[in-house]
Amino acid sequence: MRTRKGLFAGIQPEPGVGPEAARRARGRIMLQMDKSERNGIKTLIVSEENMLGMMRRNLRNLSLYDDVGERMSRTAAAFDGRIDTVVLSVRELSHYWRSAAAFCVTRGHSMPDPDHMNRIANSPRTWRDVVSDVACAVPDAKLVVVPFERTSGRPDAMFLATTGLGGPRNAAEIWANRSPTLQELRGIIAERGEHQDVIGGPLNKWAPFDPAAAAALREAYLDDIHWLTAGGDGLATLTEDLGQRGAGQTLPHGPLTRGQGHDDQERRLAEPG
């Protein structure tokens, strides 16, 4: 709620906005950080996915956060170099792109056609490139990479990966901003007066990629995880041991009854003491 109310406005360049906006943004952030420090805060977590970039830009450019280096460099400058750790969540690429496309459709963007999605699948850019760009942009910070599959629906596990501290159990099993189901997505399309058969997929999931493209994306993701497991060229640390319940790559079991509908009312900026 704090970062989305103008706190970061001016960090990233915008048309018609001069460099003074970045100076004002840095001033606002410094005031907030100094206030937190005076209040005894020793570790401040800033959770804001838009620091990496916008999903709609990824879809438009057919590329995975191709401007993340510039964005994170400006963010680090706005925080006066006081960022000591960057935690990046990565996701199996076919699932990421499906979720990003569905999210954008729910925000009023047009449904991407199969050709557009297959061009995305042929993009050479993967999480390895994103990790490398972030590491170069914030060279003095420790970079921790967490597989989404280990923390989905488990903010307590993400808190553990971020801080090394056990998260509150009453915050477990919450999955905010979940992608719409196939039926929900069809309902959105129908409300626009478009034909619902434009989307389809098995198991109540939209499948925007053909089998070959989906397989290529999965293989690229496994290559990225292998690279990170091998040390990521010294750029990042892969964190996987988060007390995952269940087996293998399956999603965690449990009552995932809270989701996007709770997000507007309950999103908070964590400030552990």
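Model, not experiment: these values are computed from the prediction. (Residues numbered from 1 in each chain as written. Predicted model: local features only at pLDDT ≥ 70, side-chain atom pairs only at ≥ 80, totals over all residues. Heavy atoms only, no water.)

Chemist: Can you tell me about the overall build of the protein chain, naming the residues and giving the values?
Modeler: Helix and strand counts for the protein chain stand at 12 helices and 3 strands. A burial count over the protein chain gives 42% of its 273 residues as buried. Accessible area for the protein chain stands at about 15000 Å²; split by element, carbon and sulfur atoms hold 52% of it. (Helix = DSSP H or I, 4+ residues; strand = E, 2+ residues; numbered from the N terminus. Buried < 20%, exposed > 50% of the residue type's maximum accessible area, 1.4 Å probe, protein only. Areas by Shrake-Rupley, 256 points an atom, 1.4 Å probe, with all protein chains shown as cover.)

Chemist: Could you give me a rundown of the nonpolar core, with the residues and numbers involved?
Modeler: Within the largest apolar cluster, 59 residues are counted, with the highest numbers of intra-cluster contacts made by Ile29, Trp97, Trp127 and Phe209. Ignoring any residue separated from it by four or fewer positions in sequence, one finds Ile29 in contact with Leu7, Phe8, Ile11, Ala78 and Phe79. (Core = buried A, V, L, I, M, F, W, Y, C linked by side-chain atoms within 4.5 Å. Contact = heavy atoms within 4.5 Å.)

Chemist: Just give me the short version of helix H7 (residues 127–137), but keep the residues and values in it.
Modeler: Along H7, the residues classified as buried are Trp127, Val130, Val131, Val134, Ala135 and Ala137. Seen end-on, H7 carries its buried residues on one side only, within an arc spanning 165°. In this structure, the buried side of H7 is in contact with helix H4 (68–78), strand S1 (85–90), helix H5 (93–106), strand S2 (142–147) and helix H11 (211–229). (Arc of directions from axis to C-beta.)

Chemist: Lay out the packing of H4 against H7 in plain terms, naming residues and giving numbers.
Modeler: At a closest axis distance of 8 Å, the pairing of H4 and H7 adopts a crossing angle of 30°. Viewed along their axes, H4 and H7 adopt a mutual orientation that is roughly parallel. Along this stretch, H4 crosses H7, giving a crossing that reads as right-handed. Packed against H4, whose contacting residues are Val68, Gly69, Met72, Ser73 and Ala76, the element H7 presents Val130, Asp133, Val134 and Ala137 at the interface. (Axes fitted to C-alpha atoms, helices over the stretch in contact; angles between N-to-C directions. Parallel < 35°, antiparallel > 145°, perpendicular 65-115°, else oblique. Left-handed = near helix turned anticlockwise from the far one by under 90°.)

Chemist: Give me the lowdown on the pattern of salt bridges, citing residues and values where you can.
Modeler: Between side chains of opposite charge, pairing is possible as soon as their charged atoms come close. According to the stated counting rule, one finds 9 salt bridges in the structure shown. With its nearest N and O atoms 2.9 Å apart, the salt bridge here joins Glu48 to Arg4. Here Glu48 is found in the loop between helix H2 (20–38) and helix H3 (55–61), whereas its partner Arg4 is found in helix H1 (residues 3–7), with 44 residues between them in sequence. Arg4 is the partner of Glu49 in a salt bridge, and the nearest nitrogen-oxygen pair spans 3.2 Å. (Salt bridge = Lys/Arg side-chain N within 4 Å of Asp/Glu carboxyl O.)

Chemist: I'd love a proper account of the sheet that holds S2, names of residues and values included.
Modeler: The sheet built from 3 strands is open, its strands ordered S1-S2-S3 with parallel pairing. The open sheet has two edge strands with one neighbour each: S1 and strand S3 (237–238). One ladder, built from 2 bridges, connects S2 with S3; its direction is parallel. Within the sheet, the bridge partner assigned to Val145 lies in S3 and is Leu238. On the sheet, H7 packs against S1 and S2 and is oriented at approximately 170° with respect to S1. (Pairing = 2+ DSSP bridges.)

Keep in mind these numbers describe shape, not what the thing actually does.
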